Amino acid sequence: MNASTTTIMSPSLGDENVNTGLNKDAREQIAGHLSEILSDTYMLVIKTHIYHWNVVGPMFHAVHEMTEQQYEDLFKAADVIAERIRALGFRAPLSDHSGPSETVVSRAAKAESAHEMVHDLIDGHEAAIRKMRKAAELAEKHDDFVSHDMLVGRMTFHEQVVWMLRSLVTE
Ligand SMILES: [Fe+2]
């Protein structure tokens, strides 16, 4: 591979010529927040899938069905978030210690009872919502309405999921 091919295949962070009225510093900060949110979203895809497979007991059907809808939405959302990072002129992270690695998978599988699984998922979704709220505030401050709008959509999903999961484990 010659040098120019290497450059095309592996552009450095932020070297893309984006001229949409958002300055580079703002785009970089927002892309950084979105990269963390992408990792969280993938971690939730894995965790939700593992619980979908392994849940047992009287809550089996409810948790199994609910988690299927959730990991499907989360998986599609990861694509939307990664593509927003690209539209901001940055590379979607290709390797990241907090990404979908073996470590995350083994950490993800620690809950054993259906109750513990649901509570673990609630914690994960709430942590993601808190990060998204900060990122949405930042995006709005820099007039990045597209990222803000996407994040509001994601928060709407996660807040609804938290409500549903909590309703499952509330007597
Ligand atoms: Fe399944």
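Conventions we followed
- The residue numbering used here restarts from 1 in each chain and proceeds along that chain's sequence as written.
- Reporting in this predicted model follows two pLDDT cut-offs: at least 70 for local features of residues, and 80 or more for side-chain atom pairs to be given and counted; totals over whole chains, interfaces and linings ignore these cut-offs and use all residues.
- Here the side-chain values reflect all heavy atoms present in the structure, with hydrogen atoms and water set aside.
- Take the buried Ala, Val, Leu, Ile, Met, Phe, Trp, Tyr and Cys residues and link them wherever side-chain atoms come within 4.5 Å; each set so joined is a nonpolar core.
- With a 1.4 Å probe rolled over the protein chains alone, any residue whose accessible area is under 20% of its type maximum counts as buried; one over 50% counts as exposed, and the rest are partly exposed.
- Strands here mean DSSP runs of E at least two residues long; helices mean DSSP runs of H or I at least four residues long; both are numbered from the N terminus.
- Throughout, a residue-residue contact means that at least one pair of heavy atoms, one from each residue, lies within 4.5 Å.
- Axis geometry follows a simple rule: fit a line to the C-alpha atoms, using only the stretch in contact for helices, then measure angles between N-to-C directions, giving values from 0 to 180 degrees.
- Note on angle classes: values under 35 degrees are labelled roughly parallel, values over 145 roughly antiparallel, values of 65 to 115 roughly perpendicular, and the remainder oblique.
- Crossing chirality is assigned from the near helix's rotation relative to the far helix, an anticlockwise turn below a right angle marking it left-handed and a clockwise turn marking it right-handed.
- Charged means Asp, Glu, Lys or Arg here, nonpolar means Ala, Val, Leu, Ile, Met, Phe, Trp, Tyr, Cys or Pro, and polar covers whatever is left, Gly included.

(A) Spotlight on the nonpolar core. If you look at the biggest cluster of nonpolar residues, it comprises 44 residues, and the most contacted ones within it are Leu34, Ile37, Leu88, Val118, Leu151 and Leu165. Elements that contribute at least two residues to this core include exactly helix H2 (24-54), helix H3 (60-87), helix H5 (114-141) and helix H6 (145-168). Broken down by element, this core gets its largest block of residues, twelve residues, from H5. If near-sequence neighbours (up to four positions away) are discounted, Leu165 is found in contact with Met66, Gln70, Val118, Leu121, Ile122 and His125.

(B) Representation of the packing of H5 against H6. Packing of H5 against H6 leaves a shortest axis separation of 9 Å and a crossing angle of 160 degrees. Considering their axes alone, H5 and H6 lie roughly antiparallel with respect to each other. Relative to H6, H5 is oriented so that their crossing is left-handed. Looking at the contact of H5 with H6, its residues break down into 16 nonpolar, four polar and six charged.

(C) Representation of the environment of Gln29 in the model. For Gln29, the position within the fold is in helix H2. Given the relative accessible area of 33%, Gln29 is considered partly exposed. Between the C-alpha atoms of Gln29 and Ala139, which are 110 residues apart in sequence, the distance is 8.9 Å.

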